[in-house]
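Structure at a glance
Chain by chain, the residues run as shown.
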Amino acid sequence: EPEVTQTPSHQVTQMGQEVILRCVPISNHLYFYWYRQILGQKVEFLVSFYNNEISEKSEIFDDQFSVERPDGSNFTLKIRSTKLEDSAMYFCASSEGGIYGYTFGSGTRLTVV
Amino acid sequence: GESVGLHLPTLSVQEGDNSIINCAYSNSASDYFIWYKQESGKGPQFIIDIRSNMDKRQGQRVTVLLNKTVKHLSLQIAATQPGDSAVYFCAENRAGDYKLSFGAGTTVTVRA
């Protein structure tokens, strides 16, 4: 069964450092997303990406965040200068057509110290 | 405000019994609902979905019920097994929107 792959599974970084979280969406999917989940809380939408541009973003997704699809297979989330409160699980998702076939990856646990 | 939420944060169930997990939503514009299962250290895994033009949908051992009158969604798991122990989230989607809004989650623990 096709899956969304995320790397690394765990990342520890010092406050103020830049991090890049990587995702390989399902190959025939056209819509890409990032969500985050702070420990013990619900999953929150960050950003959606379609046709090489951001289609929607939440208020969490401020100027410290950016996304990129550098090639035909990867989808990345960059946090420019990490803060302690950025510590969370970050999930990548992709879908084939809007809401259809929505599939989540296993996540990257980011710990900012 | 607009939100999707679950009634109870935890549910303890005897193995073999049926489980019912509830979710309330407040946005009448929502027209698509999904139940996800999340096991420890993993991402949300699709269980079953339902559109607002339906009130019931069945899958393998799972049934989702939608009551649009009271904006209530439930997930029924038949003959609960130890492998069903996880956090369950409902999520909703509004027409024309591609993001999902998640509820707070219910932790289901299956007792042997």
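Residues numbered from 1 in each chain as written. Chains lettered and ligands numbered in written order. Predicted model: local features only at pLDDT ≥ 70, side-chain atom pairs only at ≥ 80, totals over all residues. Heavy atoms only, no water.

Observations regarding the overall build of chain A
Defined as follows: What counts as a helix is a DSSP run of H or I of at least four residues, what counts as a strand is a run of E of at least two, and both are numbered from the N terminus. Buried, partly exposed and exposed residues are distinguished by accessible area as a fraction of the type maximum, computed with a 1.4 Å probe on protein chains only: under 20%, between the cut-offs, and over 50%, respectively. Contacts were defined at the residue level, with two residues in contact if any of their heavy atoms lie within 4.5 Å.
Scanning chain A from terminus to terminus reveals zero helices and 11 strands. Along chain A, from the amino end to the carboxyl end, the secondary structure elements read β-β-β-β-β-β-β-β-β-β-β. For chain A, the spread of C-alpha atoms along the three principal axes comes to 35 × 25 × 25 Å. Burial status across chain A gives 44% buried among its 113 residues. Taking all contacts inside chain A whose residues are at least 6 apart in sequence as the whole, residues at least 24 apart take part in 53%.

Here we look at the interface of chain A and chain B
For interface size, the figure often reported is the accessible area lost on association. Worth spelling out the cut-off: Here the buried area means the combined drop in accessible surface, using a 1.4 Å probe, for two parts upon being joined, counting both sides. Just to be clear on terms, a salt bridge is a Lys or Arg side-chain nitrogen sitting within 4 Å of an Asp or Glu carboxyl oxygen. Pairs of N or O atoms are called polar contacts if they sit within 3.5 Å, as long as, within protein, a hydrogen donor faces a hydrogen acceptor (for residues adjacent in sequence, only side-chain-to-side-chain pairs). Charged residues are taken to be Asp, Glu, Lys and Arg, nonpolar residues to be Ala, Val, Leu, Ile, Met, Phe, Trp, Tyr, Cys and Pro, and polar residues to be all remaining types, Gly included.
Opposite the 17 residues of chain A that make contact, chain B presents 17 residues. Both faces considered, chain A and chain B share a buried interface measuring about 1,500 Å² in area, 59% of it formed by carbon and sulfur atoms. Per-residue buried area on chain A facing chain B is highest for Lys 42, Ile 99 and Phe 104 of chain A; these three make up 34% of the total on that side. Across the chain A-chain B interface, the total number found is one salt bridge. In this structure, Lys 99 of chain B engages Glu 56 of chain A in a salt bridge whose closest nitrogen and oxygen atoms are separated by 2.5 Å. Where chain A touches chain B, the interface holds four residue pairs in polar contact (both at pLDDT 80 or more). When residues in the side of chain A that touches chain B are grouped by element, the largest group, four residues, is from strand β4 (residues 31-37) of chain A. Class assignment for the residues of the side of chain A that touches chain B results in 10 nonpolar, five polar and two charged.

Observations concerning the packing of aromatic side chains
Given two aromatic rings, one states the distance between the centres and the angle between the planes to describe the pair. Put simply, the rule is: Think of it this way: a Phe, Tyr or Trp ring, Trp meaning its six-membered ring, pairs with another when their centres are within 6.5 Å, and the plane angle makes it stacked under 30 degrees, edge-to-face over 60, tilted otherwise.
All chains considered together, the criterion is met by 18 aromatic pairs over all chains. The rings of Tyr 33, Tyr 35, Phe 45, Tyr 102 and Phe 104 of chain A together with Tyr 36, Phe 89 and Phe 102 of chain B are connected pair by pair, giving a single aromatic cluster.

A short note on the pairing of strand β11 (residues 106-111) of chain B
For a regular strand, side-chain orientation follows a simple rule: the groups alternate between the two sheet faces. Residue and element names in this part refer to chain B. What counts is decided by this rule: Should DSSP find at least two bridges between two strands, the strands are regarded as paired.
Side-chain alternation along β11 places Thr 106, Val 108 and Val 110 on a buried face and Thr 107, Thr 109 and Arg 111 on a face that remains uncovered. Sheet topology places strand β2 (residues 10-14) next to β11; five bridges connect them, and they run parallel. Looking at the pairing, Gln 14 lines up with Arg 111 of β11.

Section: the pattern of salt bridges
Considering all chains together, one arrives at eight salt bridges over all chains under this definition. The closest approach of N and O atoms between Arg 61 of chain B and Asp 84 of chain B, which form a salt bridge, is 2.9 Å. One end of the pair, Arg 61 of chain B, is in the loop between β6 (56-58) and β7 (62-67); the other, Asp 84 of chain B, is in the loop between β8 (72-77) and β9 (86-94), with 23 residues separating them in the sequence. Arg 61 of chain B sits in the partly exposed class, given a relative accessible area of 29%. Where Lys 99 of chain B meets Asp 97 of chain B, a salt bridge forms, and the shortest distance between an N and an O atom there is 2.8 Å. Both residues of the pair, Lys 99 of chain B and Asp 97 of chain B, belong to the buried class. Members of the salt-bridge network, linked through shared partners, are Glu 56 of chain A together with Asp 97 and Lys 99 of chain B.

Re the sheet that holds strand β1 (residues 5-7) of chain A
Backbone-to-backbone hydrogen bonds pair the strands of a sheet. The strands run either parallel or antiparallel. Residue and element names in this part refer to chain A. What counts is decided by this rule: Axes here refer to lines fitted to C-alpha atoms; in helices the fit is confined to the stretch in contact. Angles between the N-to-C directions go from 0 to 180 degrees.
Spatially, the four strands line up as an open sheet ordered β1-β3-β8-β7, and their pairing is antiparallel. Either end of the sheet is taken by a strand with one partner, and the two such strands are β1 and β7 (65-68). For this sheet, the mean inter-axis angle between neighbouring strands, taken without regard to orientation, is 20°. Bridge analysis of β1 against strand β3 (residues 19-24) gives three bridges, and the strand direction is antiparallel. In the sheet register, Thr 7 faces β3, and the bridge partner there is Arg 22.

Focus on the side chain of Asp 86 of chain A
All names here are of chain A. Quick reminder of the rule: We treat Lys and Arg as the positive residues and Asp and Glu as the negative residues; His and chain ends play no part in the count.
As for its position among the elements, Asp 86 is in the loop between β8 (75-79) and β9 (88-95). In this structure Asp 86 is buried but unpaired, with Lys 83 as the nearest side chain of opposite charge at 4.4 Å. Residue contacts for Asp 86: discarding those within four places in its chain leaves Arg 36, Phe 65, Ile 79, Ser 81, Leu 110 and Val 112.

Overview of the state of the cysteines
Residue and element names in this part refer to chain B. Note the threshold: Two cysteine sulfur atoms make up a disulfide if the distance between them is within 2.5 Å.
Applying the stated criterion across every chain yields a total of two disulfides over all chains. Two residues, Cys 23 and Cys 90, share a disulfide whose sulfurs are 1.8 Å apart. Given an S-S torsion of about 55°, the disulfide between Cys 23 and Cys 90 has right-handed geometry. In this pair, Cys 23 sits in strand β3 (residues 19-25) while Cys 90 sits in strand β9, placing the two residues 67 residues apart along the sequence. Both residues of the pair, Cys 23 and Cys 90, count as buried.

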